[in-house]
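Given next are the chains, with one letter for each unit.
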Amino acid sequence: MTAIFDSTLRDGEIGIELPESFDAGLYFIGTIRTPFLRREDCPRSGADSDALCTIEVFERFADALLGIEAHAEFDVLYWLHRSLRTVMVQRPHHRPDPRGAFALRSPVRPNPIGLSACPLVKVEGRFLTVRGLDCLDGTPLIDLKPHQADAGRRAGP
Ligand code: SAM
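Residues numbered from 1 in each chain as written. Predicted model: local features only at pLDDT ≥ 70, side-chain atom pairs only at ≥ 80, totals over all residues. Heavy atoms only, no water.

**Student:** Can you tell me about the overall build of the chain, naming the residues and giving the values?
**Tutor:** Counting its secondary structure elements, the chain contains zero helices and 10 strands. The linear arrangement of helices and strands in the chain, starting from the amino end, is β-β-β-β-β-β-β-β-β-β. Projected onto the principal axes, the alpha-carbon positions of the chain cover approximately 55 × 35 × 30 Å. Within the chain, buried positions represent 37% of all 157 residues. Considering only contacts within the chain whose residues lie at least 6 apart along the sequence, 74% involve residues at least 24 apart. (Helix = DSSP H or I, 4+ residues; strand = E, 2+ residues; numbered from the N terminus. Buried < 20%, exposed > 50% of the residue type's maximum accessible area, 1.4 Å probe, protein only. Contact = heavy atoms within 4.5 Å.)

Listed below in structure tokens is the structure:
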């Protein structure tokens with residue numbers, strides 16, 4: 001595997017060449033609407049945010065929402081579509097030492113999947129209001145699952 005060094009990398013960072021083809025495909029199942037229009041407006045983690053955000057599930061997939069109100073918290077998986085995918089060793093501003101992408105929750109990773117545990121506030125048809133997201137407005141949604149710790153628990157009043 002050839003390491004790539006270019007001028008966009010910080011000291012100590014390592015970039016790679018990605019494989020020529022993908023191993024699997026996925027469907028975007030919706031769009032996430034947040035108040036964050038620029039990366040620098042986003043909270044570093046959804047856990048730091050109380051902002052109300054709207055998850056729009058596309059009409060085609062709306063049947064998959066049946067029973068959703070029974071859960072108080074969801075794992076929301078999203079595609080960090082504005083992210084670089086090639087930098088394997090990174091030096092984020094808040095860390096002095098280089099770390100591998102898999103040792104970080106950085107958006108920069110070969111498969112830029114974001115995961116946040118989000119309390120469900122309201123369901124209106126295929127539009128869900130949640131808290132706890134850290135992504136840009138317009139970020140594609142790839143999956144929703146009841147949060148593990150909540151999977152067997154019913155939503156309160
Ligand atoms: N909470 C998720 C996780 O832990 O998997 C994502 C964490 S990542 C550190 C969140 C950061 O990714 C945001 O602060 C913002 O800088 C960046 N970001 C948010 N939405 C993005 C998008 N659609 N494309 C690229 N970067 C994004």
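**Student:** Describe in detail the state of the cysteines, supporting the description with residues and values.
**Tutor:** Counted by the stated rule, this structure contains zero disulfides. Note on Cys-42: no disulfide assigned, nearest cysteine sulfur contributed by Cys-135 at a separation of 7.0 Å. In this structure Cys-42 comes out as buried when scored by relative accessible area, which is 17%. Of the cysteine sulfurs around Cys-53, a residue in no disulfide, the closest is that of Cys-135, at 6.6 Å. Cys-53 gets classed as buried once you look at its relative accessible area, which sits at 0%. (Disulfide = S-S within 2.5 Å.)

**Student:** Tell me about the pattern of salt bridges, residues and numbers included.
**Tutor:** A side chain of one charge can pair with a side chain of the opposite charge if their charged atoms are brought near each other. Tallied over the full model, the rule gives eight salt bridges. The shortest N-O distance in the salt bridge between Glu-13 and Arg-10 comes to 3.6 Å. What makes Glu-13 buried here is its relative accessible area of 9%. Given a relative accessible area of 37%, Arg-10 falls into the partly exposed group. Between Glu-56 and Arg-126 there is a salt bridge, with the nearest N and O atoms lying 3.1 Å from each other. Within this pair, whereas Glu-56 is found in strand β4 (residues 53-57), its partner Arg-126 is found in the loop between β8 (113-124) and β9 (127-130), the two being separated by 70 residues in sequence. (Salt bridge = Lys/Arg side-chain N within 4 Å of Asp/Glu carboxyl O.)

**Student:** So, the nonpolar core: which residues are in play, and what are the values?
**Tutor:** Ranked by internal contacts, the top residues of the largest apolar core, which has 19 residues, are Ile-55, Val-76, Leu-133, Leu-141 and Leu-144. Contributions of two or more residues to this core are made by β4, β5 (73-79), β8, β9 and β10 (139-146). When near neighbours in sequence (up to four residues on either side) are disregarded, Ile-55 contacts Thr-31, Val-76, Arg-126, Phe-127, Leu-128, Val-130, Leu-133, Leu-141 and Leu-144. (Core = buried A, V, L, I, M, F, W, Y, C linked by side-chain atoms within 4.5 Å.)

**Student:** I'd like a description of the sheet that holds strand β3 (residues 30-33), backed by residues and values.
**Tutor:** Strand order in the closed barrel formed by six strands is β3-β4-β9-β8-β5-β10, and the pairing between neighbours is antiparallel. Here the average twist between neighbouring strands, direction ignored, is 45°. Taken together, the five bridges between β5 and β10 define a ladder with antiparallel strand orientation. Residue pairing in the sheet places Phe-74 in a bridge with Pro-146 of β10. (Pairing = 2+ DSSP bridges. Axes fitted to C-alpha atoms, helices over the stretch in contact; angles between N-to-C directions.)

So yeah, pure geometry; function would need other evidence.
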